[in-house]
Amino acid sequence: MALHRCFFIGLKKNNVDPISYKTIATNRLTADKAWLLIDAEDQPLGRIASQIASLIRGKHKPHFTPHVACGDNVIVINADKIRLTGNKWEHKQYLSHTGYPGGQRTTTPRKLQAKFPTLIIERAVKGMLPKNRLGRQLFHQLFVYTGPDHNHAAQQPQKMTLKN
């Protein structure tokens, strides 16, 4: 108790009020969410995925709170024109399992892009989000489209260019 009293006495000598410092914690009601539009044409997959995950998480905001979904909604267009470096189009493998014995399946990005071109970006971003309820909630803030058109014109997204 004496240590506590000395602490406040020392602060009063310097004319600093300890109650005036308030930590602002963001919650889901006070989070200021924006809509961002990102063009993935000719962008490296890993770099764009890590920057998208950071935007969805909200790490670029001054009031970032790690346990709250305070990030922005991200719209990605031209997902079919993503760039992979080296021989990753043929040598990278995506694993999945059917749930039955011996049901492990592998596919390459080239085959995946032929069937589901948006899935490459979605899987890369999902792997960079937290593996819990918050990560599943954050993943719903990502919208990926193959061409230059999207269904979110009413939200008036801000076009954003990412660093290479």
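Residues numbered from 1 in each chain as written. Predicted model: local features only at pLDDT ≥ 70, side-chain atom pairs only at ≥ 80, totals over all residues. Heavy atoms only, no water.

Novice: Mind showing me how you'd approach the overall build of the protein chain here?
Specialist: Looking only at helices and strands, one finds six helices and six strands in the protein chain. Pairs at least 24 apart in sequence give 67% of the contacts found in the protein chain among residues at least 6 apart. Of the roughly 11200 Å² of accessible surface on the protein chain, a fraction of 53% belongs to carbon and sulfur atoms. (Helix = DSSP H or I, 4+ residues; strand = E, 2+ residues; numbered from the N terminus. Contact = heavy atoms within 4.5 Å. Areas by Shrake-Rupley, 256 points an atom, 1.4 Å probe, with all protein chains shown as cover.)

Novice: Can you help me understand the layout of surface pockets in this one?
Specialist: Using a probe with the size of a water molecule, rolled over the atoms, empty space left in the structure can be pinpointed. The computed volume of the largest pocket comes to approximately 150 Å³. For the largest pocket, the full set of lining residues is P44, L45, G46, R83, L84, T85, K88, K92, R123, A124, G127 and M128. When residues of the lining of the largest pocket are traced back to their parent elements, those giving at least two are α2 (45–57) and α5 (119–126). Looking at the lining of the largest pocket residue by residue, the class counts come to five nonpolar, three polar and four charged. (1 Å grid on protein atoms, 1.4 Å probe; cavity = no way out; pocket = protein on both sides within 12 Å on 5 of 7 lines; lining within 4 Å. Points joined across faces, edges and corners; volume = space filled by probe spheres on them. Nonpolar A, V, L, I, M, F, W, Y, C, P; charged D, E, K, R; others polar.)

Novice: For this particular structure, what's the right way to read the pattern of salt bridges?
Specialist: Side chains carrying opposite charge are able to pair once their charged atoms draw close together. For the structure on display, the rule yields two salt bridges. The shortest N-O distance in the salt bridge between K61 and D72 comes to 2.9 Å. With K61 in the loop between α2 and β2 (73–77) and D72 in the loop between α2 and β2, this pair connects stretches of sequence that are eleven residues apart. The burial state of K61 is the same as that of D72; both residues are buried. Note that R110 is salt-bridged to E90, the shortest N-O span being 3.0 Å. On the criterion of sequence distance, the pair formed by R110 in helix α4 (residues 109–115) and E90 in helix α3 (residues 88–91) is long-range, its members being 20 residues apart. (Salt bridge = Lys/Arg side-chain N within 4 Å of Asp/Glu carboxyl O. Buried < 20%, exposed > 50% of the residue type's maximum accessible area, 1.4 Å probe, protein only.)

Novice: When you look at the nonpolar core in this model, what are you seeing that I'm missing?
Specialist: Membership of the largest hydrophobic core comes to 30 residues, with the highest contact counts inside it found for I52, I121, V125 and L142. Only β1 (35–39), α2, β2, α5, α6 (133–139) and β5 (142–144) provide two or more residues apiece to this core. Per-element accounting of this core gives the leading share, seven residues, to α2. (Core = buried A, V, L, I, M, F, W, Y, C linked by side-chain atoms within 4.5 Å.)

Novice: Would you mind going over α2 with me for this structure?
Specialist: Given 3.6 residues per helical turn, the α-helix brings residues three or four places apart onto the same face. Counted at 1.5 Å a residue, the expected span for α2 with its 13 residues is 18 Å, and the 18 Å between its end C-alpha atoms agrees. Those residues of α2 that sit buried are L45, I48, A49, Q51, I52, A53, L55, I56 and R57. Looking one or two residues past α2, G58 carries a phi angle of roughly 95°, positive in sign. (Expected span 1.5 Å × (residues − 1).)

Novice: Would you explain the pairing of strand β3 (residues 94–97) in this entry?
Specialist: Successive side chains on a regular strand alternate, one facing one side of the sheet and the next facing the other. Sheet topology note: the β3/strand β4 (residues 104–107) ladder contains four bridges and is antiparallel. Directly across from L95, in β4, lies its bridge partner T106. In this antiparallel pair of consecutive strands, β3 and β4, the connection spans six residues, and G99 shows a positive phi of 100°. (Pairing = 2+ DSSP bridges.)

Novice: Help me out: how do you make sense of the side chain of H152 in this one?
Specialist: Structurally, H152 is set in the loop between β5 and β6 (158–160). The residues contacting H152, other than those within four sequence positions of it, are W35, I75, F143, Y145 and P157.

Novice: I'm lost on the packing of aromatic side chains in this one. Help?
Specialist: The geometry of an aromatic ring pair is captured by the separation of the ring centres together with the interplanar angle, meaning the angle of the planes. One pass over the structure, following the stated rule, counts one aromatic pair. One Lys or Arg, K126, reaches over the ring of F139 and ends 5.0 Å from the middle of that ring. (Phe/Tyr/Trp six-rings, centres within 6.5 Å; stacked < 30°, edge-to-face > 60°. Lys NZ or Arg CZ within 6 Å of the ring centre and 35° of its normal.)

Novice: What exactly am I supposed to notice about unusual backbone geometry here?
Specialist: Keep in mind that most residues, glycine aside, have a negative phi and that most peptide bonds are trans. Positioned with a positive phi, D42 is a non-glycine residue whose angle comes to about 60°. Structurally, D42 can be placed in the loop between β1 and α2. Overall, the relative accessible area of 51% leaves D42 in the exposed class.

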